Amino acid sequence: MDDPKPKKLTLSCSRCRTAKLKCDRKEPCLECIKRDCAHLCTKDVRQPRAKRTKTQQTEQKDNQVNSKKEEQPEVEETALALEHFVDVTPFRTESEGVAPDIPNPYWVTQSPHRDKQKFELIRDVIQTLPEWDVIQTLYEIFVIRCQGPLGNVVHTPSFMKQADQLSQCLNSPYPDAAIATTIPLDSLAVLLLALVLGLAFHPTPSLIGFQSTPQTSRVEQLRASEESTSTWRFLGLRCLRGSISVFCGSIASLQAAVMLLLDAKESSIELDALIVTAIAGARKLGLHQLGNAALNDSSPSNDGPAIVESRIRTEIAIRIWWALVMRDWSRGQALGYYTIRPSQFNTRMPLHLNDEDIYVENGIPIERPRSEFTMLSYTVHALELSVIVRESIDLKDAGNEAARQRQDLNRKYENYVANLPSYFRLGSTVGITAVGPMAGIPPKRFMLHQQLWSLLLRLHRSNIISPMGRAFCQQLAHNIISTQVQIQSRCAVCGSLSSNETQIFSATVVLVLGLLFSNPSTEVEQSSAQLSRLMTRDQIREAIELLRTRGSPKINPEENVQLLHSGASRGVLALEALMKLEERSGSSFNRDEGESQNHSLYHQVVGILKTLNGSLALSTHIPSLSTPGDTPLTFSMPATDEFSDLDVMPILSNGMTPDMWDLLDFYPPDDEDNFKSAIASWDLPE
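Quick caveat: nothing in here was measured; it's all calculated off a predicted structure.

Comments concerning the pattern of salt bridges
Opposite charge on two side chains lets them pair, provided their charged atoms get close.
Logical step 1: One pass over the full model with this rule turns up 19 salt bridges.
Logical step 2: Linking arginine 238 and aspartate 124 is a salt bridge whose minimum nitrogen-to-oxygen distance equals 3.2 Å. Here arginine 238, found in helix H11 (residues 227-239), pairs with aspartate 124, found in helix H5 (residues 112-128); they are 114 residues apart in sequence, far enough to count as distant.
Logical step 3: Classification of arginine 238 as partly exposed rests on a relative accessible area of 25%.
Logical step 4: Its relative accessible area of 28% is what places aspartate 124 among the partly exposed residues.

Examining the nonpolar core
Logical step 1: Tyr139, Phe142, Leu150, Phe159, Leu287 and Trp321 are the most contacted members of the largest nonpolar core, which has 148 residues in total.
Logical step 2: What tryptophan 321 contacts, discounting residues up to four positions off in sequence, is Ile279, Ala282, Arg283, Leu287, His288, Ile340, Phe345 and Thr347.

Topic: helix H13 (residues 268-284)
Logical step 1: Across its 17 residues, H13 extends 24 Å between first and last C-alpha, which sits within 8% of the 24 Å expected from 1.5 Å per residue.
Logical step 2: Those residues of H13 that sit buried are Ser268, Leu271, Leu274, Ile275, Ala278, Ile279, Gly281 and Ala282. Buried residues in H13, looked at end-on, bunch into an arc of 165 degrees, giving them a common side.
Logical step 3: The secondary structure elements touched by the buried residues of H13 are helix H12 (251-263) and helix H14 (304-335).
Logical step 4: Just beyond H13, the residue with positive phi is glycine 286, at close to 80 degrees.

Things to note about a negative patch on the surface
Logical step 1: Taken together, the side chains of Glu74, Glu76, Glu77 and Glu83 make up a negatively charged region of the molecular surface.
Logical step 2: On the secondary structure map, glutamate 76 appears in helix H3 (residues 43-86).
Logical step 3: Judged by its relative accessible area of 48%, glutamate 76 falls in the partly exposed class.

A look at the packing of helix H6 (residues 132-150) against helix H9 (residues 185-201)
Between two packed helices, both the angle of their axes relative to each other and the distance between the axes serve to describe the pair.
Logical step 1: Contact geometry of H6 with H9 gives a least axis separation of 7 Å together with a crossing angle of 80 degrees. By the angle between their axes, H6 is roughly perpendicular relative to H9. Every residue of H9 that contacts H6 at Ile135, Leu138, Tyr139, Ile141, Phe142, Arg145, Cys146, Pro149 and Leu150 is listed here: Leu191, Ala194, Leu195, Leu197, Gly198, Leu199 and Phe201.
Logical step 2: Grouping the amino acids of the contact of H6 with H9 by side-chain chemistry returns 14 nonpolar, one polar and one charged.

Side note on unusual backbone geometry
Logical step 1: Phi is positive for glutamate 226, close to 65 degrees, though the residue is something other than glycine.
Logical step 2: Relative accessible area serves as the criterion here: at 55%, glutamate 226 is assigned to the exposed category.
Logical step 3: Its identity is not glycine, yet alanine 264 carries a phi of approximately 55 degrees, on the positive side.
Logical step 4: By relative accessible area, which is 6% here, alanine 264 ends up buried.

Considering the packing of aromatic side chains
Logical step 1: Applying the stated criterion across every chain yields a total of nine aromatic pairs.
Logical step 2: Between tyrosine 139 and phenylalanine 159 the ring centres are 5.1 Å apart and the planes differ by 80 degrees, which places this aromatic pair in the edge-to-face class. One end of the pair, tyrosine 139, is in helix H6; the other, phenylalanine 159, is in helix H7 (residues 156-170), and 20 residues separate them in sequence. Just as tyrosine 139 is buried, phenylalanine 159 falls in that class too.
Logical step 3: Seen in terms of ring centroids, tryptophan 322 and tryptophan 329 are 6.2 Å apart; in terms of plane orientation they differ by 85 degrees. Their pairing is edge-to-face. In this structure, tryptophan 322 and tryptophan 329 share a single accessibility class: buried.
Logical step 4: Each residue in the set Trp321, Trp322, Trp329, Tyr338 and Phe345 is aromatic and connected to the rest through ring pairs, giving one cluster.
Logical step 5: The side chain of arginine 114 reaches across the aromatic face of tyrosine 106, ending 3.8 Å from its centre.

Overview of H9
Logical step 1: The end-to-end C-alpha separation of H9 is 24 Å, in line with the 24 Å expected for 17 residues at 1.5 Å each.
Logical step 2: Burial analysis of H9 places 16 of its 17 residues in the buried class, the great majority of the element.

Brief notes about the packing of H7 against H9
Logical step 1: At their nearest, the axes of H7 and H9 sit 11 Å apart, and the two run at 95 degrees to each other. On the basis of their axis angle, the class for H7 and H9 is roughly perpendicular. Where H7 abuts H9, its residues Phe159, Gln162, Ala163 and Leu166 lie against Ser187, Val190, Leu191 and Ala194.
Logical step 2: Looking at the contact of H7 with H9 residue by residue, the classes come out as six nonpolar, two polar and no charged.

As for a nonpolar patch on the surface
Logical step 1: A cluster of nonpolar side chains, namely Leu531, Leu534 and Met535, defines an oily patch on the protein surface of about 310 Å² accessible area.
Logical step 2: The exposure class of methionine 535 is exposed, given its relative accessible area of 54%.

Comments concerning the side chain of glutamine 255
Logical step 1: Position of glutamine 255 among the secondary structure elements: in helix H12.
Logical step 2: With relative accessibility at 11%, the residue glutamine 255 sits in the buried group.
Logical step 3: Excluding residues that lie within four positions of it along the chain, glutamine 255 makes contacts with Val153, Val154, Val190, Ile316 and Ile320.

Cut-offs used in this document
- Residues numbered from 1 in each chain as written.
- Predicted model: local features only at pLDDT ≥ 70, side-chain atom pairs only at ≥ 80, totals over all residues.
- Heavy atoms only, no water.
- Salt bridge = Lys/Arg side-chain N within 4 Å of Asp/Glu carboxyl O.
- Helix = DSSP H or I, 4+ residues; strand = E, 2+ residues; numbered from the N terminus.
- Buried < 20%, exposed > 50% of the residue type's maximum accessible area, 1.4 Å probe, protein only.
- Core = buried A, V, L, I, M, F, W, Y, C linked by side-chain atoms within 4.5 Å.
- Contact = heavy atoms within 4.5 Å.
- Expected span 1.5 Å × (residues − 1).
- Arc of directions from axis to C-beta.
- Patch = residues over 30% accessible without salt bridge, like charges linked within 9 Å, V, L, I, M, F, W, Y side chains within 5 Å.
- Areas by Shrake-Rupley, 256 points an atom, 1.4 Å probe, with all protein chains shown as cover.
- Lys, Arg positive; Asp, Glu negative; His and termini not counted.
- Charge placed at Lys NZ, Arg CZ, Asp CG, Glu CD.
- Axes fitted to C-alpha atoms, helices over the stretch in contact; angles between N-to-C directions.
- Parallel < 35°, antiparallel > 145°, perpendicular 65-115°, else oblique.
- Nonpolar A, V, L, I, M, F, W, Y, C, P; charged D, E, K, R; others polar.
- Phe/Tyr/Trp six-rings, centres within 6.5 Å; stacked < 30°, edge-to-face > 60°.
- Lys NZ or Arg CZ within 6 Å of the ring centre and 35° of its normal.

Put into structure tokens, the structure is as follows:
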């Protein structure tokens, strides 16, 4: 066929130029050919193709970015795996769980001298153990009353099984050899420290819920001598002996470390070194990288007991990690900083269940609802409160954001209280007359609210200058002092915490400052406020007596100088001085009259504290301060620099005494001459 004739091109068409409709000419116009795909003539065909091209380019760019993001963690993980290999530490991922225990290098050394030391240690343990019925009683107290404060870091059925092994070893013909081949030394340390805590938590005849048993008199005899507890603690430390410091390379050794932190009989420096060593050991085992570890059936073996043992080890490892986190963040309240940053670990919180719930060979253990009381109820709520404690520490560095963060913290406090289960709510009667594990609910409830009120008081104490803020702070202070009486009547350990003295002192300071700030304007207000002031003064004196009765009334004169430098005695001195200032000043310190009055009160209080410091530095006798109309107040405080502090709650650091300037929100001025008049007008002992 002959080629068709070329089509004749027209110059243009008006329709194309108007850009409204497609060209309907049978022959394409010249303008359409010039514009090619850019004109309306080809819009329906060309435009979708352009969109697809653009989308494909965008997808290619996104894929490139995602591939780079995916490559970055892979590169980092590869480098870390190589570094861990060089460091002789196996690289582990979240799915692999807890690393195997590291043998204690001190005891695994093959030498006759170390073997001799080991057998001598075991023989010393056997000689110091009491009768088995007493041991069994103390172990029962430990698993019932100590597990919550400890953080449930010990699996109760496994612990009781190991206690039975100890009993069988003691009844064997050669108990030292039986213990050496059956019970590892770090596990033996756990058994010894359980006796120490069981003896400390054992109810005394003066406490509510005390039940007399045939072993009661023997337990009271051991408690009174204090020789057994110190010996068991010392032997437990010998079991954990390392080359330089305490060994913390296994789950059992970490359990013992947490128990030592709860007992807290060492000095503050030693306890700080212990918690740092324990945190390092926990990280070595990967306890900080367990993620959202599930108690599923993933186990290297299909054997049912092996699956259960793997679950127990995982859950106990999680509890140990969070117990260390809670104590580290608790220390931060006194130190102003903490070691474990939230961005440095991803381990979930412990599950809310009983230890027996883990024994499910077929299936997955199910977490119980918070409304149901379990042995983990106190622990999980204490851990949630410790998170708020950490955020309150960060508030000090907030700067201009402090006001907003205070509001956020206050909302978190409100949500925390609103979400408490019924058995931990105020006014609950659950556990009041119970025996067994349920009997521990009331002191745990009191401790949770005691700590919560103390944190709220520290958060809102600066608002005491306003009537509404003053009323709120005074109510919190009243609750703290009243609750302390309930705590001391139910648990000897919870009632002996040094944090209780710190909280009582801070609450009493708020009550005294509230009296100094209040100034009723009308006669009706003065009449009603007078009764309130009298009641507040009575509670202040009650708080002073609570602080005073923390120690033994028998004090040798040679110990007076040491006594005056203890935190509690200084607290009593300061409170008595503030009470005397309040009695003498009346309503002269009206905070609403201006900054000059506030300045005057500030300098008078600072002058009093400076005078007290001078008196304590020079005095060889105990000063006696009294308030008008009352009997003289004498001192009967313990002659120690520190309180025996068992870290039951997220509380102040072990052994830390209250900082007077921090609790009063006063800071010493640079100019000493500004308060000479205040010192001269104050008739304190020379």
